[in-house]
Amino acid sequence: MALHFSKDEFASRLELVKARMREEKLDVLLLFAQESMYWLTGYDSFGFCFFQTLVVKADGQLVLLTRSADLRQARLTSIIEDIRVWVDRTNADPAVDLKNLLMDLDLLGARIGVEYDTHGLTGRNARLLDNQLMSFGTVVDASYLISSLRLIKSPAEIEYVERAAALSDAALDAALALAKPEADEAEILAAMQGAVLAGGGDYPANEFILGSGAEALLCRYKAGRRKLDVVDQLTLEWAGVYAHYHAPMMRTIVIGKPNDRQKELYAACRDAIEAIEQVLVPGNTFGTVFDTHARIMDERGLARHRLNACGYSVGARFAPSWMEHQMFYQGNPEPILANMTLFVHMIIMDSDTGTAMTLGQTYLVTEEAPRSLTRHSLDMITAS
């Protein structure tokens, strides 16, 4: 068995889930988010792109329904002992297999919580699920039951995020060694991802984002590579990853001498992130963080060039995104609490002048000041 956490830690997590289920009056919880299954049992797979679910009864009984390809995966990577397989076949409806499983578990008429808001449950599979459960029991949306518990990291989880952050630093070191005029984006990207893997890390839940020139204004990955010009800009967003725990960072590197607009945008990014460090403490909310970001950007006439969110909670995540559900956006009442790991990013994309500037890193919330998990400074990075 290849577990990243002790059985005692998994047992304590299950007790948290059982307590929350009692609060929500749930008889059973159907987990479809791979990160939920991973957090609760250690189960590690990308098979969630097909129908599979972890059944959690109110008494703590765990049963995984999955495909044959993931049977051994679950046995090796998780604490799950009861694994059932639905059979791939023409016109297969695994929701029927699930209903029969729930019947075997004496759950007819139960109050059933379902993780709907996840890429592990496609629209088609959700319709199949609802068709089978509508007359079986009372179905409620429990999409955020596990994710809300995962916001607060245990000491073991914090250790993994710190290891991920060290790999983020190694990736930036690799990029800085290559970033200069005529450098090939492909070589920079390969060096960054290679540093994470060579350091014992994992693939990220989404691709590293790398773009120069006009593509420096993008904050999503795209195919295609180019070589840097003598005067250029290179935006990087990446994450060190350890045991699926992510510690993202973001920087825009100025190739050549910074111009006045780049200096102006950098100053706004740094002032905003330093102001956020003052409010990234217990007693404030995720909305407070966004308001701080928006106030500084808007006072400088950058409302059109900023985004409508400035970061999010991070932890163990699976494709297609390393973002957790809680984000820094206007009005988000989610409280900031100690032992959260939060990625704060300042992203300014000035399409009028074609200028990009970004600054971002992961923090550990403490009872006092937040602790940045990178050894790199917030200073502007230039290369020539």
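Now for a look at the structure at hand. (Residues numbered from 1 in each chain as written. Predicted model: local features only at pLDDT ≥ 70, side-chain atom pairs only at ≥ 80, totals over all residues. Heavy atoms only, no water.)

### Section: the sheet that holds strand β2 (residues 53–57)
1) Next: Here we have six strands laid out as an open sheet, ordered β4-β3-β2-β1-β5-β6, and mixed in their pairing. Two strands bound the open sheet, and with one partner strand each, they are β4 (82–85) and β6 (138–141). The mean inter-strand angle of the sheet, taken between neighbouring strand axes irrespective of direction, is 25°.
2) Next: Inspection of the sheet shows strand β5 (residues 111–114) paired to β6 by four bridges, in the parallel sense. Its bridge partner lying in β6, R111 is registered against T138.
3) Next: Relative to β2, helix α1 (residues 7–24) is tilted by about 70°, and along the sheet it contacts β1 (28–31), β2, β3 (62–66) and β5.
4) Next: Its contacts with the sheet place helix α2 (residues 34–41) against β1, β2 and β3, and it is angled at close to 50° to β2. (Pairing = 2+ DSSP bridges. Helix = DSSP H or I, 4+ residues; strand = E, 2+ residues; numbered from the N terminus. Axes fitted to C-alpha atoms, helices over the stretch in contact; angles between N-to-C directions. Contact = heavy atoms within 4.5 Å.)

### Some details on the side chain of Q52
1) Next: Mapping Q52 onto the fold places it in the loop between α2 and β2.
2) Next: The class of Q52 is buried, set by a relative accessible area of 0%.
3) Next: Polar contacts involving the side chain of Q52 include one to the side chain of T66, which spans 2.7 Å.
4) Next: Leave out the neighbours within four places in its chain, and Q52 touches L31, F32, Q34, M37, Y43, G47, L65, T66 and D70. (Buried < 20%, exposed > 50% of the residue type's maximum accessible area, 1.4 Å probe, protein only. Polar contact = N/O pair within 3.5 Å; in protein donor to acceptor, adjacent residues only side chain to side chain.)

### A look at the packing of helix α4 (residues 94–104) against helix α5 (residues 123–133)
1) Next: It is at 9 Å that the axes of α4 and α5 come closest, and there the two elements cross at 40°. Here α4 is positioned oblique relative to α5, judged by the angle of their axes. The two elements α4 and α5 cross, and the hand of that crossing is right-handed. Between α4 and α5, the residues in contact are A95, V96, L98, K99 and L102 and L128, L129, Q132 and L133, respectively. (Parallel < 35°, antiparallel > 145°, perpendicular 65-115°, else oblique. Left-handed = near helix turned anticlockwise from the far one by under 90°.)

### Remarks on the pairing of strand β11 (residues 341–350)
1) Next: Counting buried residues in β11 gives ten out of ten residues, a clear majority hidden from the surface.
2) Next: Side-chain alternation along β11 places T341, F343, H345, I347 and M349 on one buried face and L342, V344, M346, I348 and D350 on a second face that is also buried.
3) Next: Judged from the three bridges that link them, strand β10 (residues 311–313) and β11 form a sheet pairing that is antiparallel. Considered in β11, the bridge of Y312 is made with F343.
4) Next: As consecutive antiparallel partners, β11 and strand β12 (residues 355–364) are separated by four residues, and within that stretch G354 has a phi angle of approximately 70°, a positive value.

### Comments concerning unusual backbone geometry
1) Next: For the bond running from A319 to P320, omega is 15°, close enough to zero to count as cis.
2) Next: Mapped onto the elements, P320 comes out in the loop between β10 and β11.
3) Next: Backbone geometry at E182 places phi at a positive 75°, although glycine is not the residue there.
4) Next: The residue E182 is located in the loop between α7 (155–176) and α8 (185–198) in this model.
5) Next: A relative accessible area of 53% places E182 in the exposed class.
6) Next: The phi torsion at N339 lies on the positive side, around 75°, for a residue other than glycine.
7) Next: In this fold, N339 is placed in the loop between β10 and β11.

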